[in-house]
Amino acid sequence: MDRHQRVTVEAEPYPFELVPAQCALLIIDMQRDFLEAGGFGAMLGNDVSQLRRTIEPNRRLLAAWRTAGLQVMHTREGHRPDLSDLPPAKKIRGRGKTCIGDVGPMGRILVRGEPGHDIIPELSPLPTEPVIDKPGKGAFFATDLHAILQNRAIKQLIVTGVTTEVCVHTTIREANDRGYDCLVPEDCVGSYFPQFQEIGLQMIKAQGGIFGWVSQSAHILAAIR
Ligand code: TIU
């Protein structure tokens, strides 16, 4: 594969013209706190098993992306141990008994350095892959992601991870406003709510691709093979 050669990926609302050398795989928040019992997702009352179907497609896409020598970046949602970057409004949202920063089965919830904050072992970052620690839902807010992408001449993003309508959507909207073309493989993003998964994907590709394109990981794998 010539990484600078444009390849067409089957997608909606129309084919995506992928330039592998200019495209990063951005994996959003595949953390134990969202995908395993006892973390932040479960604390909010969610069924974490809904998200686990995304692990294997992400693992395959990540392996292929690495084999092709392309850019990979990961994000993690979480806060400093002193919680100085945690807005009070975020801390008390939900009126739950347990809050961000409290101790749960996987350590302090959504706090950097705690076991629950880690990316799941199936998708562990390599030392060469930037990990963006973000205090918000969007990966561009209060992070150096945009600078890293610009330094590496990235113009396109394949956005995967969890959850579709929260951190994935917020990140795609932020990226779109900054001029990036975003492609979302639907089997690699997940929501706790099946109806939000479906509508969230429709919202991206509606109106001529108002925020981006939606595809399947198999189409992306075929394009970079
Ligand atoms: N609650 C929920 O669906 N998601 C989040 O809080 N964060 C992310 O989406 N990563």
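Whatever comes next refers back to the structure up there.
In this text, all values refer to a predicted model and were calculated from it rather than measured experimentally.

Draft legend 1. Here's a closer look at the overall build of the protein chain. The helix and strand inventory of the protein chain stands at eight helices and 11 strands. Its C-alpha radius of gyration of 17 Å places the protein chain within 12% of the 17 Å reference for a compact globule of 225 residues. The principal-axis extents of the C-alpha atoms in the protein chain amount to approximately 50 × 35 × 30 Å. Taken across its 225 residues, the protein chain has 50% of its residues classed as buried. The contacts in the protein chain between residues at least 6 apart in sequence include a share of 72% that link residues at least 24 apart. Of the roughly 10200 Å² of accessible surface on the protein chain, a fraction of 52% belongs to carbon and sulfur atoms.

Draft legend 2. Layout of the nonpolar core. One finds L18, M30, W65, I158 and L183 to be the most contacted residues of the largest nonpolar core, which totals 39 residues. Put simply, the parts of the chain that give this core at least two residues each are β2 (16-18), β3 (23-28), α1 (32-35), α3 (55-67), β8 (156-162) and α8 (217-224). Each residue touching L183, except ones within four places of it in the same chain, is listed here: V9, A11, F16, L157, I158, V159, W213, V214, S215 and I220. Membership of the second largest hydrophobic core comes to 25 residues, among which are L26, I28, I148 and C167.

Draft legend 3. Molecular detail of unusual backbone geometry. The amide bond that connects E12 to the next residue, P13, takes the cis arrangement and shows omega of 10 degrees. Of note, P13 is situated in the loop between β1 (7-9) and β2. Residues other than glycine seldom take positive phi values, yet A153 does so here, at roughly 55 degrees. Within the element layout of this structure, A153 appears in the loop between α5 (145-151) and β8. The backbone of Q207 sits at a positive phi, close to 55 degrees, despite the residue not being glycine. Topologically, Q207 is positioned in helix α7 (residues 194-209). The exposure class of Q207 is exposed, given its relative accessible area of 70%.

Draft legend 4. Local environment of the packing of helix α6 (residues 164-177) against α7. At a minimum axis distance of 10 Å, the contact between α6 and α7 shows a crossing angle of 10 degrees. Accordingly, the angle class assigned to the pair α6 and α7 is roughly parallel. Of α7, the residues touching α6 (which contributes T164, E165, H169, I172 and R173) are F196, Q197, G200, L201, M203 and I204.

Draft legend 5. A look at the packing of aromatic side chains. Going through the model one piece at a time under the given rule, you end up with five aromatic pairs. Ring plane angle 80 degrees and centroid distance 5.4 Å describe the contact between Y14 and W213, whose orientation is recorded as edge-to-face. Here Y14, found in the loop between β1 and β2, pairs with W213, found in strand β11 (residues 213-215); they are 199 residues apart in sequence, far enough to count as distant. Look at W213 and you get buried, because its relative accessible area is 11%.

Draft legend 6. Spatial organisation of the layout of surface pockets. Considering only enclosed or pocket space, the largest pocket measures out at about 610 Å³ in volume. Lining the largest pocket are 27 residues; nearest its centre among them are F40, L44, K90, R93 and K137. Mapped onto the lining of the largest pocket, the elements with two or more residues apiece are α2 (40-43), α4 (88-92) and α6. A breakdown of the residues in the lining of the largest pocket according to their chemical character gives 15 nonpolar, six polar and six charged.

Draft legend 7. Molecular detail of α6. The end-to-end C-alpha separation of α6 is 18 Å, in line with the 20 Å expected for 14 residues at 1.5 Å each. All of the buried residues along α6 are T164, C167, V168, H169, T171, I172, E174 and A175. Once α6 finishes, G179 follows within two positions and takes phi at roughly 95 degrees, a positive value.

The rules we used
Residues numbered from 1 in each chain as written. Predicted model: local features only at pLDDT ≥ 70, side-chain atom pairs only at ≥ 80, totals over all residues. Heavy atoms only, no water. Helix = DSSP H or I, 4+ residues; strand = E, 2+ residues; numbered from the N terminus. Rg over C-alpha atoms; globule rule 2.2 N^0.38 Å. Buried < 20%, exposed > 50% of the residue type's maximum accessible area, 1.4 Å probe, protein only. Contact = heavy atoms within 4.5 Å. Areas by Shrake-Rupley, 256 points an atom, 1.4 Å probe, with all protein chains shown as cover. Core = buried A, V, L, I, M, F, W, Y, C linked by side-chain atoms within 4.5 Å. Axes fitted to C-alpha atoms, helices over the stretch in contact; angles between N-to-C directions. Parallel < 35°, antiparallel > 145°, perpendicular 65-115°, else oblique. Phe/Tyr/Trp six-rings, centres within 6.5 Å; stacked < 30°, edge-to-face > 60°. 1 Å grid on protein atoms, 1.4 Å probe; cavity = no way out; pocket = protein on both sides within 12 Å on 5 of 7 lines; lining within 4 Å. Points joined across faces, edges and corners; volume = space filled by probe spheres on them. Nonpolar A, V, L, I, M, F, W, Y, C, P; charged D, E, K, R; others polar. Expected span 1.5 Å × (residues − 1).

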